[in-house]
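Letter by letter, the chains look like this.
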Amino acid sequence: MGGTFDPVHNGHLVAASEVAALFDLDEVVFVPSGRPWQKADREVSAAEDRYLMTFLATAENPQFTVSRIDIERSGPTYTIDTLRHLRRTHPDAELFFITGADALAQIFTWRDHTELFGLAHFVGVTRPGYDLRRHASLPDESVSLLEVPALAISSSDIRQRVARAAPIWYLTPDGVVRYIAKRGLYGPRPVAPSVPE
Ligand code: ATP
Ligand code: MG
């Protein structure tokens, strides 16, 4: 499961758990992106912070792991590179790429999208506000669309909540809530010290 994970939240975790059960997966590898090319317009938190939050959120689940492959590759993150890497390191594995239906709808803007379908089976999970209608030209045998329990949780909303000092408890695991506070992520910009009189 690829994502920016800025921060990871319970929507991601529920989706991963649901897909793992339905497709009988051995493992779900969370892959925090390096520099997301589609999010060049906003400042993304340091890769190490996003990696550590994802690690904290998944550590207790024996089926969940976190990979550093995308954060250690230089340059922007393209899913095709991630999948080629996983194919090389796991030559016998059957690969599934879990992504939100919103992201899947944009798949045709991804680099080398024609090759993507040969490397993995794509699972698009719904989230509230996104239509599940199948894109006419998505190949049926390589793409599954699936509804997960609707969780109106997004990383953007969590960041905005932190910035206005609203609670984020229960939207993301407790360890992530505490890590965000400890590192001062997403907080309002520190007020400039007033000029001494
Ligand atoms: P942002 O609000 O910054 O875009 P996000 O919540 O969408 O963040 P991403 O890291 O962009 O989080 O998401 C990674 C993947 O998880 C994407 O494919 C996204 O569609 C999916 N996803 C995010 N939130 C949910 C949710 N609540 N339910 C199901 N899938 C989700
Ligand atoms: Mg998103």
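Whatever comes next refers back to the structure up there.
On a predicted model such as this, the values are computed, not experimentally measured, just so you know. (Residues numbered from 1 in each chain as written. Chains lettered and ligands numbered in written order. Predicted model: local features only at pLDDT ≥ 70, side-chain atom pairs only at ≥ 80, totals over all residues.)

### Concerning the overall build of the chain
Then, number 1: Looking only at helices and strands, one finds eight helices and eight strands in the chain.
Then, number 2: Looking at the chain alone, contacts between residues at least 24 apart form 70% of all its contacts between residues at least 6 apart. (Helix = DSSP H or I, 4+ residues; strand = E, 2+ residues; numbered from the N terminus. Contact = placed C-beta atoms within 7 Å.)

### Some words on the site of ligand 1
Then, number 1: Looking at ligand 1, there are 19 residues lining it, with Gly3, Gly11, Gly100, Ser155 and Ser156 nearest.
Then, number 2: Contributing elements (two or more residues each) for the shell around ligand 1: helix H1 (10–22), strand S6 (96–100), helix H5 (101–104) and helix H7 (155–163).
Then, number 3: Here the residues of the shell around ligand 1 are counted per class, giving seven nonpolar, nine polar and three charged. (Near = placed C-beta within 6 Å. Nonpolar A, V, L, I, M, F, W, Y, C, P; charged D, E, K, R; others polar.)

### A closer look at the packing of helix H2 (residues 47–58) against helix H8 (residues 174–183)
Two measures define how a pair of helices packs: the angle their axes make with one another and the distance between the axes.
Then, number 1: Their axes nearest at 8 Å, the elements H2 and H8 cross at an angle of 150°. The angle between H2 and H8 falls in the class roughly antiparallel. Crossing of H2 over H8 shows right-handed handedness. Along the contact surface, H2 presents Asp49, Leu52, Met53, Leu56 and Ala57, while H8 presents Gly175, Val176, Tyr179 and Arg183. (Axes fitted to C-alpha atoms, helices over the stretch in contact; angles between N-to-C directions. Parallel < 35°, antiparallel > 145°, perpendicular 65-115°, else oblique. Left-handed = near helix turned anticlockwise from the far one by under 90°.)

### Some words on the sheet that holds strand S7 (residues 121–125)
Then, number 1: Ordered in space as S6-S7-S8, the three strands form an open sheet in which the pairing is parallel. One side of each edge strand has no neighbouring strand; the edge strands of this open sheet are S6 and strand S8 (143–146). Taken over all neighbouring pairs, the strand axes of this sheet differ in orientation by 20° on average, direction set aside.
Then, number 2: As judged from the five bridges shared by S6 and S7, these two strands associate in the parallel manner. (Pairing = 2+ DSSP bridges.)

### Focus: H7
Then, number 1: When we look at burial in H7, the residues that qualify are Ser155, Ile158 and Val162. The arc that holds every buried residue of H7, seen down its axis, measures 60°, which confines them to one face. Along H7, the residues that are exposed and aim more than 90 degrees away from the buried face are Ser156 and Ala163.
Then, number 2: For H7, the secondary structure elements touched by its buried residues are H8.
Then, number 3: Positive phi appears at Ala165, one or two residues downstream of H7, with a value of about 60°. (Buried ≥ 20, exposed ≤ 12 C-beta atoms within 10 Å, placed from the backbone. Arc of directions from axis to C-beta.)

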